Amino acid sequence: MIIGAGGVGTVVAHKVASHPEIFSDIMLASRTKSKCDDIAKAIGGNKIKTAAIDAENVPELVKLIKSFGPELVINVALPYQDLTIMDACLEAGVHYLDTANYEPKEEAKFEYSWQWAYQEKFKNAGLTAILGCGFDPGVTNIFTAYAAKHHFDEIHYLDIVDCNAGDHGKPFATNFNPEINIREVTQKGKYWENGAWVETQPHEIHKPLNYPEIGPKESYVIFHEELESLVKNFPTLKRARFWMTFGQEYLTHLRVIQNIGMAGIEPINYQGMEIVPIQFLKAVLPNPGDLGENYVGKTSIGCRIKGIKDGKEKTYYIYNNCDHVEAYKETGTQAVSYTTGVPAMVGAMMLMKGIWKSPGVFNVEEFNPDPFLQQLAKDGLPWIEVHDGDLEF
């Protein structure tokens, strides 16, 4: 069962439906059933059942899950809804997978502590919960695990680099849910160094980095959730950072949105009604799921790693480039949705095959990276390795 019918849910549905040998019965559920129906119709062949669901209502979730009887729930709804969906999976006795960690509605903060707290519950129930199985988090974690397994004795420095060099032709739009996107990129930066977190002002650290087939793009250090699990699971890391590209026009829009209060998450009273400014903003911005049609250019996401192998210093860069036009041709979505949705399907496949299946709550780097990456390349996201190149840091 897939919960969520946005851009990522669209990709997951397409990809799951393309593997009937693994996923025999599929249901797509969302608050708005008509969205699910449109996706199911585009895929065709009566491959996907649809339903309406309130992902914040545990009894309603349990009822739907039990009536359909899936082995796994893929959560590509909002991060606010992670815990209610996890609760429902426990009660209904099914496995769980998501692409983004929990964050409370009332606070612009995301961390894994809330979901890691479910470890004993899932273990005792004999169920598997797979956290953060998109691209970043997700593939970037698995790239790191693959590097640690095959190319390093110790990883010391990790820089995750995320570039979207695409152009959608809009003055301002976000590539995934605006509510989540704006909260994520406007909070303070944070990176790991010498056993402690170092906090920065938003976008304080930046420099141009060169991306394959794209060239130099100004890149900014922000906090991203995979850093939290990676420094826990790879304790030899001396420094770990996450870099993301932003255009100047995008940053100018963000500053204006913040300065006039439109990024606010506290309700305000407007003409006798309570509205949350960022939710109103979401309603007037372009829908990320509709950006694909005119999107051109590529994304480039990867890990630049320095460490020790056989007593010698080694550098390693592993990355994927994804083309917006090609993603749209296949699924009707842009590359940001595509690069998140494909790994979610592959992670689900790993669980269904029993390759990634163990009672408890896991981040993806805790599993065997090899079968995942082999399947990822087959399903549209091939990856490239550069040994002992210039990491620019």
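Up top is the structure these notes are about.
Residues numbered from 1 in each chain as written. Predicted model: local features only at pLDDT ≥ 70, side-chain atom pairs only at ≥ 80, totals over all residues. Heavy atoms only, no water.

## Focus: the overall build of the protein
For step 1, the next point in the chain: Each helix and strand in the protein was counted, giving 14 helices and 18 strands.
For step 2, the next point in the chain: The proportion of buried residues among the 393 residues of the protein is 57%.
For step 3, the next point in the chain: For the protein, the accessible area works out to roughly 16200 Å², and carbon and sulfur atoms hold 49% of it.
For step 4, the next point in the chain: Of the side-chain charges in the protein, 36 are positive and 51 negative, and the distance between the mean point of each set is 2 Å. (Helix = DSSP H or I, 4+ residues; strand = E, 2+ residues; numbered from the N terminus. Buried < 20%, exposed > 50% of the residue type's maximum accessible area, 1.4 Å probe, protein only. Areas by Shrake-Rupley, 256 points an atom, 1.4 Å probe, with all protein chains shown as cover. Lys, Arg positive; Asp, Glu negative; His and termini not counted. Charge placed at Lys NZ, Arg CZ, Asp CG, Glu CD.)

## So, the pairing of strand 4 (residues 72-75)
For step 1, the next point in the chain: Residue alternation in strand 4 divides its side chains into two sets, Leu72 and Ile74 and Val73 and Asn75, and both sets are buried.
For step 2, the next point in the chain: Sheet topology places strand 1 (residues 2-3) next to strand 4; two bridges connect them, and they run parallel. Along strand 4, the bridge assignment pairs Ile2 with Ile74.
For step 3, the next point in the chain: Of the pairings in the sheet, the one linking strand 4 to strand 5 (residues 95-98) comprises four bridges and is parallel in character. (Pairing = 2+ DSSP bridges.)

## Some details on the environment of Leu127
For step 1, the next point in the chain: Along the chain, Leu127 falls in the loop between helix 6 (119-125) and strand 6 (128-131).
For step 2, the next point in the chain: The exposure class assigned to Leu127 is buried, which follows from its relative accessible area of 7%.
For step 3, the next point in the chain: For the pair Leu127 and Leu83, spaced 44 residues apart in the sequence, the C-alpha separation amounts to 15 Å.
For step 4, the next point in the chain: Residues within four places of Leu127 in sequence aside, it is in contact with Cys89, Leu90, Gly93, Val94, His95, Phe122, Ser358, Pro359 and Gly360. (Contact = heavy atoms within 4.5 Å.)

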